[in-house]
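Structural description and commentary
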Amino acid sequence: MDAVAYASHAMKLALLFRDFPTRSHFDPEEEACGITCDSREVSNGFVFVCIKGNKTDGHRYISQAHAKGAIAFVVEDPDKVPGGLSYLQVDSAKEAYSLLCQRWTHEVWKKLQLFAVTGTTGKTTIAYILHQTLMNLGIKSALIGTAGYYLGNQRLDITIKGPVTTPEPKALHTLFQDFFAEDCKAVSMEASSFGLSEKRLHGMQFDAAILSNLAFNHHIGFHGGWMDYVKAKSSLFAMLKQDGLAILNADEKHLDLFINPKQKTILYGFSDTAHLRISDLAESLDGISFSMHYHDTTYRMFSSLQGAFHAWNLAAVFALGLGMKYDPQELLNAMEKIKAIPGRWDLLLKEAPFTVVIDKANTPIAIQALSSLIKNKRYVRRIGVFGNVGGGDYAERVILAKMLGELFDQLILTLDDPEDEDIWNNFNEFLSGMTSEIRQKVRIVLSRKEAMEKALDEARSGDLLLILGRGNQREFLIRGRSEVFDDVEEMKALLKHRGLKQ
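Below, the structure is looked at part by part. Each chain has its residues counted from 1, following the order in which its sequence is written. Reporting in this predicted model follows two pLDDT cut-offs: at least 70 for local features of residues, and 80 or more for side-chain atom pairs to be given and counted; totals over whole chains, interfaces and linings ignore these cut-offs and use all residues. The side-chain figures draw on all heavy atoms in the structure; neither hydrogens nor water molecules are used.

As for the pairing of strand 18 (residues 297–303)
Pairing of strand 17 (residues 287–294) with strand 18, which is carried by 7 bridges, proceeds in the antiparallel orientation. Its bridge partner being in strand 18, Y294 is matched across the sheet by T297. Paired strands are those between which DSSP finds at least two bridges. Numbering goes from the N terminus for both helices and strands, where a helix is a DSSP run of H or I of at least four residues and a strand is a run of E of at least two. A loop of 2 residues connects strand 17 with strand 18, the two strands running antiparallel in sequence, and H295 in this loop sits at a positive phi of about 55 degrees.

As structure tokens, this is what we get:
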């Protein structure tokens, strides 16, 4: 399937608009046959929600949407609605859109057990581990996030227009409807700071929510500042059900901003204040092992996942499982079956003749988490391909440049969701964080595919070749349009063309 199959039916405006304030002008008996906030999607019988965004204002497209058949408009400013047209006035079109999409899909999300993960890094990994754990426990689960959309063990071959980590409400609630139709019982999903601040989850309630961590990153500029970023993240925990479970990282220095004494909470981490305390962490070529102490019991976790940082990710899921009253030993067995995370230290070629890895890391905290794996002494040289995300923060770019310059012997700088930013400004800001000596190790290759090819040309026996920034994401954002590009699939094709067996 090329795109999400949106629900198609009819609903009277009286039913669709019920419980909203009465500042409106519409025929309650008129029937809508669709809802959208994108004027390009409007057809006969649609309700058009006029959302004010950073770059445009949906109110500007009312006449265009009416000409295409829209029968009613959800607006914040009724003065912009031409006389005689039906409208519903709301305080927040973004919040209304979420509620209307829920109503359009008969609030099917309420029939699912919903788990959400937020944080700067680890969201994708934790959500994926939780999804696979539920599946291994015999609970049919679905996954929504950067790693893809999964129903059971099958990754859905769909394309969603717009945000993919936390989809916009129409796509999100259509997914819930599809999952429920397939007898899904639980959904694990990522709650991004963008998605939360844009009210994509407004009006929903979750059975449990997890905080991974908080750190400086390129999303902060979008929010206007650090505290606005934290506020967006913390808003997820206000969406927990009355008996909902908060799983919080005890090692997070901003933990106090998330603690609610009225909520059932499990703190996990290495800190002595953790309810689920991690200790005795050990790494090897086979993965990691560590102990978890909860109340008067100690549990030992063995995982084939590479990287010490996975101790937090695994402990977060184990804490949720304990809080949901799953059998601890069955929970451990289910988690230990998970061998890899799509797009996270994804080994496409291992040591013969060199090692090729794909990883999503594109923030300082994520790169730091990988540093011990990158520095492993078994590698002769380290070759990196990194795309500096468009619209990023200058200070973060300087930090990233310094870190990557020190980690890699050669670094190829390329594109990663450049969006509307001037490409060369992007590169120059990044390079300004490097000494002239380190810059000698860096070259710029605009085409991401060509950058991968150049890196393969450079790789020799015993080297590590690491493609950073995108993991297994499938869409590439350039000036308002998305193009299909998947680092994993592109690299697999390049390796196959060169006769290198994976």
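After that view of the structure, there is still more to cover.
Quick look at the sheet that holds strand 16 (residues 276–284)
Pairing is mixed across the open sheet formed by 11 strands, whose spatial order is 11-10-9-12-8-13-14-15-16-17-18. Of all the strands in the sheet, just strand 11 (154–155) and strand 18 have a single pairing partner and so form its edges. Note that strand 10 (residues 148–151) and strand 11 share 2 bridges and pair antiparallel. Bridging from a neighbouring strand, L151 pairs with Q154 of strand 11. By the convention used here, residues are in contact when the closest approach between their heavy atoms is within 4.5 Å. To get an axis, fit a line to the C-alpha atoms, keeping to the stretch in contact for a helix; angles then go from 0 to 180 degrees between the N-to-C directions. Packed onto the sheet, helix 4 (residues 123–136) meets strand 8 (113–118), strand 9 (141–145), strand 10, strand 12 (186–190) and strand 13 (206–211) and runs at close to 170 degrees relative to strand 12.

Let's talk about the packing of helix 4 against helix 10 (residues 328–336)
For the pair helix 4 and helix 10, interaxial distance at closest approach is 8 Å and the crossing angle is 120 degrees. Compared by their axis directions, helix 4 and helix 10 come out oblique. Of the two possible hands of crossing, helix 4 and helix 10 adopt the one that is right-handed. Contact residues: I129, T133 and N136 in helix 4; L331, A334 and M335 in helix 10. When residue character is reported, Ala, Val, Leu, Ile, Met, Phe, Trp, Tyr, Cys and Pro are called nonpolar, Asp, Glu, Lys and Arg charged, and the others, Gly included, polar. Among the residues forming the contact of helix 4 with helix 10, the class breakdown is 4 nonpolar, 2 polar and no charged. Roughly parallel refers to an angle under 35 degrees, roughly antiparallel to one over 145, roughly perpendicular to one between 65 and 115, and oblique to any angle outside these ranges. Handedness of each helix crossing follows the sense of rotation of the near helix against the far helix: counterclockwise by less than a right angle gives left-handed, clockwise gives right-handed.

Re the packing of helix 4 against helix 9 (residues 310–323)
Across the interface, helix 4 lies against helix 9 with an axial gap of 9 Å and an inter-helix angle of 45 degrees. Here helix 4 is positioned oblique relative to helix 9, judged by the angle of their axes. Here helix 4 runs over helix 9; the crossing is right-handed. Residue-level inspection shows T125, I126, I129, L130 and T133 of helix 4 in contact with helix 9, the latter providing H310, N313, L314, A316, V317 and L320. In terms of residue class, the contact of helix 4 with helix 9 is built from 7 nonpolar, 4 polar and no charged.

A closer look at the sheet that holds strand 22 (residues 410–416)
What links the strands of a sheet is backbone hydrogen bonding, and the strands pair in either a parallel or an antiparallel sense. One open sheet accounts for 6 strands, arranged 19-20-24-21-22-23; its pairing is mixed. In the strand order of this sheet, the two ends are held by strand 19 (346–349) and strand 23 (442–444), each with one partner. Mean inter-strand twist for the sheet, computed between neighbouring axes without regard to direction, equals 25 degrees. Sheet contacts for helix 13 (residues 423–431): strand 21 (382–389), strand 22 and strand 23; angle to strand 22, the most-contacted strand, approximately 145 degrees.

Some words on the packing of aromatic side chains
When two rings of Phe, Tyr or Trp (its six-membered ring) have centres within 6.5 Å they constitute a pair, described as stacked for plane angles under 30 degrees, edge-to-face for angles over 60, and tilted for the intermediate range. A complete count under the given rule lists 9 aromatic pairs for this structure. Note on F48 and F73: the rings are 6.4 Å apart at their centroids and 90 degrees apart in plane angle, and the pair reads as edge-to-face. Highlighted residues: F48 in strand 5 (residues 46–49) and F73 in strand 6 (residues 72–75), separated in sequence by 25 residues. F48 gets classed as buried once you look at its relative accessible area, which sits at 1%. Over the aromatic face of F302 sits the side chain of R300, whose NZ or CZ is 5.9 Å from the ring centroid. Only protein chains enter the accessibility calculation, which uses a 1.4 Å probe. A residue is then buried if its area is under 20% of the maximum for its type, exposed if over 50%, and partly exposed in between. Comment: the charge-over-ring label is applied if NZ (Lys) or CZ (Arg) is within 6 Å of the ring centre and within 35 degrees of the ring normal.

Digging into the side chain of N472
Inspection of the secondary structure puts N472 in the loop between strand 24 (464–468) and strand 25 (475–478). Judged by its relative accessible area of 4%, N472 is buried. In protein, a polar contact requires one atom able to donate a hydrogen and another able to accept it; more generally it is a pair of N or O atoms within 3.5 Å, and residues adjacent in sequence count only if both atoms are side-chain atoms. A polar contact of 3.1 Å, which involves the side chain of N472, links it to the backbone oxygen of A147. Those residues in contact with N472 that lie beyond four places of it in its chain are T146, A147, R155, P342, G343, R344, D486 and V488.

A short note on the nonpolar core
Residue types Ala, Val, Leu, Ile, Met, Phe, Trp, Tyr and Cys, when buried and joined through side-chain atoms within 4.5 Å, form a set referred to as a nonpolar core. The biggest cluster of nonpolar side chains holds 52 residues, and the ones touching the most others in it are W345, V356, F430, L465, L468 and M491. Excluding anything up to four places from it in sequence, L465 contacts T355, V356, V357, I383, V385, A455, L456 and M491. The next biggest cluster of nonpolar side chains, apart from the first, holds 43 residues, and it includes V164, M204, L240 and A250.

Re helix 10
Within the span of helix 10, buried status applies to L331, L332, A334 and M335. The arc that holds every buried residue of helix 10, seen down its axis, measures 165 degrees, which confines them to one face. On its buried side, helix 10 packs onto helix 4, strand 17, strand 18 and helix 9. Here helix 10 starts with a cap whose side-chain oxygen sits 3.1 Å from the backbone nitrogen of Q329, and that cap is D327. Our arc is simply the arc of the directions from the helix axis toward the C-beta atoms.

Overview of the environment of L137
When you line up the elements, L137 lands in the loop between helix 4 and strand 9. For L137, a relative accessible area of 25% translates into the label partly exposed. As a C-alpha pair, L137 and Y326 span 189 residues in sequence and 9.0 Å in three-dimensional space. Each residue touching L137, except ones within four places of it in the same chain, is listed here: Y326, E330, L331 and A334.

A short note on empty space enclosed by the protein
We place a 1 Å grid over just the protein atoms. Points where a 1.4 Å probe fits but has no way out form a cavity, open points with protein on both sides within 12 Å along at least 5 of 7 lines form a pocket, and any residue with an atom within 4 Å of a point lines it. Grid points are joined across faces, edges and corners, and a volume is the space filled by probe spheres set on the points. Scanning the entire structure with this criterion turns up 2 cavities of 30 Å³ or more. In this structure, the largest cavity spans a volume of roughly 120 Å³. Around the largest cavity, the lining is made up of 13 residues, and of these G148, Y149, R155, V164 and E475 lie nearest the centre. Residues of the lining of the largest cavity, tallied by class, amount to 5 nonpolar, 5 polar and 3 charged.

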